[in-house]
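# Notes for the structure review
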Amino acid sequence: AVVSTQSTGTTMSSSLEVKKKCQKISTVLASVGDTHNVIEKDISVSGGLANMREVLKDPKVLPPQLYSEKLGHLGGYDKFENAVEDGELMAFLRKEYEFQG
């Protein structure tokens, strides 16, 4: 089953830290691309940040965040990074559950 995962971040150079985190997320998720389709959303566009916060139902959440339309909010960068470091990326991405569309 392919799970579409959205990564929200920014392409604006004013936030180099966020750009680096988004790049790492993209690189890691590309390594599991056969099971996860990544859709990047740029919050620097008009209304982007507000839309991300509305979708995640958290008025204070900061990018980057990972979200799946089927699975909901997966977590932010810190949770993602911890999962990668602990060898638990597939659990973080919830691959162990088979979703039938």
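The shown structure was predicted, so the numbers you read here are calculated from the model rather than taken from an experiment.

Analysis parameters
Residues numbered from 1 in each chain as written. Predicted model: local features only at pLDDT ≥ 70, side-chain atom pairs only at ≥ 80, totals over all residues. Heavy atoms only, no water. Buried < 20%, exposed > 50% of the residue type's maximum accessible area, 1.4 Å probe, protein only. Helix = DSSP H or I, 4+ residues; strand = E, 2+ residues; numbered from the N terminus. Pairing = 2+ DSSP bridges. Arc of directions from axis to C-beta. Contact = heavy atoms within 4.5 Å. Salt bridge = Lys/Arg side-chain N within 4 Å of Asp/Glu carboxyl O. pLDDT = per-residue confidence, 0-100. Axes fitted to C-alpha atoms, helices over the stretch in contact; angles between N-to-C directions. Parallel < 35°, antiparallel > 145°, perpendicular 65-115°, else oblique. Left-handed = near helix turned anticlockwise from the far one by under 90°. Nonpolar A, V, L, I, M, F, W, Y, C, P; charged D, E, K, R; others polar.

Both faces of strand E3 (residues 65-68) are covered, namely the face carrying Gln-65 and Tyr-67 and the face carrying Leu-66 and Ser-68. By the bridge criterion, four bridges tie E3 to strand E4 (residues 72-76) in an arrangement that is antiparallel. Residue pairing in the sheet places Ser-68 in a bridge with Gly-72 of E4. Between E3 and the antiparallel strand that follows it, E4, lie three residues.

Let us look at helix H3 (residues 77-85). For H3, the complete set of buried residues consists of Tyr-77, Phe-80, Glu-81 and Ala-83. Mapping the buried residues of H3 onto a view down its axis gives an arc of 160 degrees, with all of them on the same face. When the buried face of H3 is taken as reference, the exposed residues oriented beyond 90 degrees from it are Asp-78, Lys-79 and Glu-85. Residues of H3 that are buried in the fold lie against helix H1 (16-30), E3, E4 and helix H4 (89-92). One or two positions beyond H3, positive phi appears at Gly-87, with a value near 70 degrees.

Enumeration over the complete set of coordinates arrives at two salt bridges. Across the salt bridge formed by Glu-17 and Lys-21, the nearest N and O atoms sit 3.1 Å from each other. Of this pair, Glu-17 and Lys-21 both sit in helix H1, four residues apart, which is roughly one turn of that helix. Judged by relative accessible area, Glu-17 falls into the exposed class, the value being 53%.

Quick look at the confidence of the model for the protein chain now. On average, residues of the protein chain score 79 in pLDDT, and 74% of them reach the 70 mark or higher. No element of the protein chain has a lower mean pLDDT than strand E1 (residues 3-9), which averages 61, and none a higher one than H3, which averages 95.

Looking now at the packing of H1 against H3. Look at H1 against H3: their axes get within 11 Å of each other, and the N-to-C directions meet at 45 degrees. Comparing their axes, H3 and H1 come out oblique. Crossing of H1 over H3 shows left-handed handedness. Here Lys-21, Lys-24, Ile-25, Val-28 and Leu-29 of H1 come into contact with H3, specifically with Tyr-77, Phe-80, Glu-81 and Val-84. Along the lines of polarity and charge, the residues of the contact of H1 with H3 split into six nonpolar, no polar and three charged.

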